[in-house]
Structure formats: C-alpha cells, structure tokens
Amino acid sequence: MKLRHPLLLRWGGFAIAMVARLWHLTVRPVVMSLDGRHHPPDPCRDRYIYAVWHDSILALMYLRTKIAVMISHHTDGELVTQACQQLGIGVVRGSSTRGGAVALLEMMERAKERHLLVTPDGPRGPRHVIRPGLVYLASVTGLPIVLLAIGHSRAWRLKTWDRMAIPWPWSRTHGIVSEPICIPPSLTREEIADYCGRIEERFIKLTASAQRWADAGRRPHPAELLAPADSPALARCA
Amino acid sequence: MERESLRQALAELVEQETGNKPGNLSDDVILIEGLGMDSIDLVGLVVQVENRFRIKIATDELKGVSKVGEFLALVEKKISAGDAETANA
C-alpha cells in the first residue's frame, strides 16, 4: 500500500523520524577522520559535499548540521522527505532519472550556505557505482568531496537493490571520513567520468576498511588509509 | 527577440553543450530525451542561456518546463522582463 494522502505522509514521516531518532540512540558511532578535523564543521566556515553509499543513508542521522540532501520523486521518496524535514534536514527533490537538472541547480544554490549530502549510486543503482552528478556538483560549486565510508558490527540487510543496512540496536557503526578531495572547474565529460572511476575505487577501498574495522574491532592506522601524497589518483585539497 | 531567432540561438547552445547538432527543435520536443541530453547537459544549457541573454532563471521557474516550446517561452519572458527593467531605469 502506498501512502499518498498529505496528512498520512506527514504523520508517517513524523513516526519514521521518531523511530529513527530512538533507534540511533542505541547505536554507537565510532568515527575516524583522515584529515584529523571534526566533520561536519560549521557551514559558515567550511562546506563540503559528503558522499555516502545509498545503503548507508541512515548515517545521515549523525550529521547534525545545516545540510541539504537530494531525494528522488518516487512515492517512497515523499515519506523520506517528510521524515528528513522532521529531523531538520534540508531536502531537494529530484534524481538523475527524474527532475535531475532542477535538483542539481537547487543543490548548487543550497551549497552557498549548507553542506550537501549525495548518495552517488542512487536512486536506483547499480550499487557502489558512482554516477557523474557528484563530481559535476563538486566541479561547479568548488566544494571538496568528503567520502563517508561506513561499516556495521551487526546489521540487517534489506532485499533491495542497494542492500540497505539497518544496524542492530546496541551495535557499533564505524565511519571512516576521507580526506577532502578537490575537483577542478570546467571539466569535460571524459574528465568527469575519469574522476568518477578514481573516487569509486577509493570509496570502495575505504568502505572495505570500515567494514574490516567493524568486524575485527582493530582500529586501522590513518596512515594505512590515506591516499599516497604523490598518487596521481586524486588531488588532495590544499 | 523573435521566437525563431531564439530557437536558432538555442540550437547553437545545445550543439556547444552536447557536441551534437540538434535535429528537431520544434516546440513539442521534450528537452532531455528529444535532444539527447541528460540532467548535467541541461544545467549547462541553462547556465549558457543565462550568460548569453543576461538573464537569471530561478529553479522554481524551471520546475514546470519539459518541452522546447515551454523553455523558449520562459526565456522570451525573462528577456522581455529584462528589457522592460532597462527601459524603466
């Protein structure tokens, strides 16, 4: 059954937001930031585009700051939108498959005062494959990309395309926050695709490290996870 | 600016953005599918149109626009509004 009545959607969103808040009070986040800074910083000072795989979108609960997230126009997206609004998260409706151009323009506008959160493999996958919107947004706004790689000590996996993770109550969520990645302006389509490939490779490696950390409990040394300084793969921000 | 000269200018900008000359730019052609563009191309096109005609298109104004004719009508409206402002200044 799909919820379509505005009042039901509003109450549904409120209920989801409340359950999510209570649920996350029981989940312990353990975070390592590779640039040694606290993330997210005050958006009046520094702003970033945070990227999280679609299966880990619940990590959004930990980002208590002014942030805008893009949510698709599908009916279930309306319920998620209502929940996000209850949680004080700015929502931009659209996706690469529907309303994408308007959503990109709105995200560019919001980037002047908020952080952005992007699920680069959303809204329909393929899972853990980066689509060009993330790199394009970073290139036109000048905001660095920060990857949020998530691992769970214990989680249910839904039977959806993204295998969405729902952490068990009283489990631990391990997050590795990448160093900021700067994307130059005025990229060609080929350059955007090239950056997507490099970022995807880095993101998959960091996600695997976060999951190993969650499984084994041994905290990795940040030096093991940093991209080599002389690596041609990705330009670190100054 | 007349609709047909505007259509000609749009054809040039689409070609610059996508690298392909658009075949059919009639009013009822769907902007994205009909012109072989994706959302990134369309954002680029909007920015180019803004720069070329010195107008500013708000994202809300683009929400109901899906066809070439609707886009041209919006651009015409913005250009006329800009001309009226200049005349009043």
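Before any of the text, the structure's been laid out above.
Note that the coordinates shown come from a computational prediction; the quantities given were computed from them, not determined experimentally.

Trainee: Just to check I follow, could you spell out the overall build of chain A for this structure?
Mentor: In terms of regular secondary structure, chain A is built from 6 helices and 9 strands. Taken against the 2.2 N^0.38 rule, which gives 18 Å for 238 residues, the C-alpha radius of gyration of chain A at 17 Å falls within 12% of a compact globule. Principal axes of the C-alpha set define a box for chain A whose edges measure 55 × 40 × 35 Å. For chain A, buried positions account for 49% of its 238 residues. Intrachain contacts of chain A at a sequence separation of at least 6 include 73% that bridge at least 24 residues. With the model as given, the accessible surface of chain A reaches about 11900 Å², and the carbon-plus-sulfur share is 58%. Taken together, the 31 basic and 20 acidic charged side chains of chain A have centroids lying 8 Å from each other.

Trainee: Even after reading the chapter, I still don't get a nonpolar patch on the surface, so can you show me in this structure?
Mentor: A cluster of nonpolar residues, Leu7(A), Trp11(A) and Phe14(A), forms a patch on the protein surface that exposes about 340 Å² of accessible area. Here Leu7(A) lies in helix 1 (residues 6-25).

Trainee: Help me understand the pairing of strand 9 (residues 172-177) of chain A, please; the structure alone is not making it clear to me.
Mentor: Within a regular strand, the side chains alternate between the two sheet faces. All names here are of chain A. Summarising burial for strand 9: 5 of the 6 residues are buried, a large majority. Summarising the sheet, strand 6 (residues 145-152) and strand 9 pair through 5 bridges and their orientation is antiparallel. Across the sheet, Ala149 pairs through a bridge with Ile176, a residue of strand 9.

Trainee: Help me understand the sheet that holds strand 5 (residues 115-118) of chain A in this model?
Mentor: Two orientations exist for strands paired in a sheet by backbone hydrogen bonds: parallel and antiparallel. All names here are of chain A. The 7 strands lie next to each other as 1-9-6-2-5-3-4, forming an open sheet whose pairing is mixed. At either margin of the open sheet sits one strand with a lone partner, and together these are strand 1 (28-33) and strand 4 (90-93). In this sheet, adjacent strand axes meet at a mean angle of 25 degrees when their direction is disregarded. Inspection of the sheet shows strand 2 (residues 49-51) paired to strand 6 by 3 bridges, in the parallel sense. Paired with Ile49 across the strands is Ile145, a residue of strand 6. Helix-sheet contacts for helix 4 (residues 133-141) involve strand 2, strand 5 and strand 6, and the interaxial angle to strand 2 is about 165 degrees. Sheet strands touched by helix 5 (residues 189-216): strand 1, strand 2, strand 6 and strand 9. Its angle to strand 6, the strand with the most contacts, is close to 35 degrees.

Cut-off values and rules
- Residues numbered from 1 in each chain as written.
- Chains lettered and ligands numbered in written order.
- Predicted model: local features only at pLDDT ≥ 70, side-chain atom pairs only at ≥ 80, totals over all residues.
- Heavy atoms only, no water.
- Helix = DSSP H or I, 4+ residues; strand = E, 2+ residues; numbered from the N terminus.
- Rg over C-alpha atoms; globule rule 2.2 N^0.38 Å.
- Buried < 20%, exposed > 50% of the residue type's maximum accessible area, 1.4 Å probe, protein only.
- Contact = heavy atoms within 4.5 Å.
- Areas by Shrake-Rupley, 256 points an atom, 1.4 Å probe, with all protein chains shown as cover.
- Lys, Arg positive; Asp, Glu negative; His and termini not counted.
- Charge placed at Lys NZ, Arg CZ, Asp CG, Glu CD.
- Patch = residues over 30% accessible without salt bridge, like charges linked within 9 Å, V, L, I, M, F, W, Y side chains within 5 Å.
- Salt bridge = Lys/Arg side-chain N within 4 Å of Asp/Glu carboxyl O.
- Pairing = 2+ DSSP bridges.
- Axes fitted to C-alpha atoms, helices over the stretch in contact; angles between N-to-C directions.

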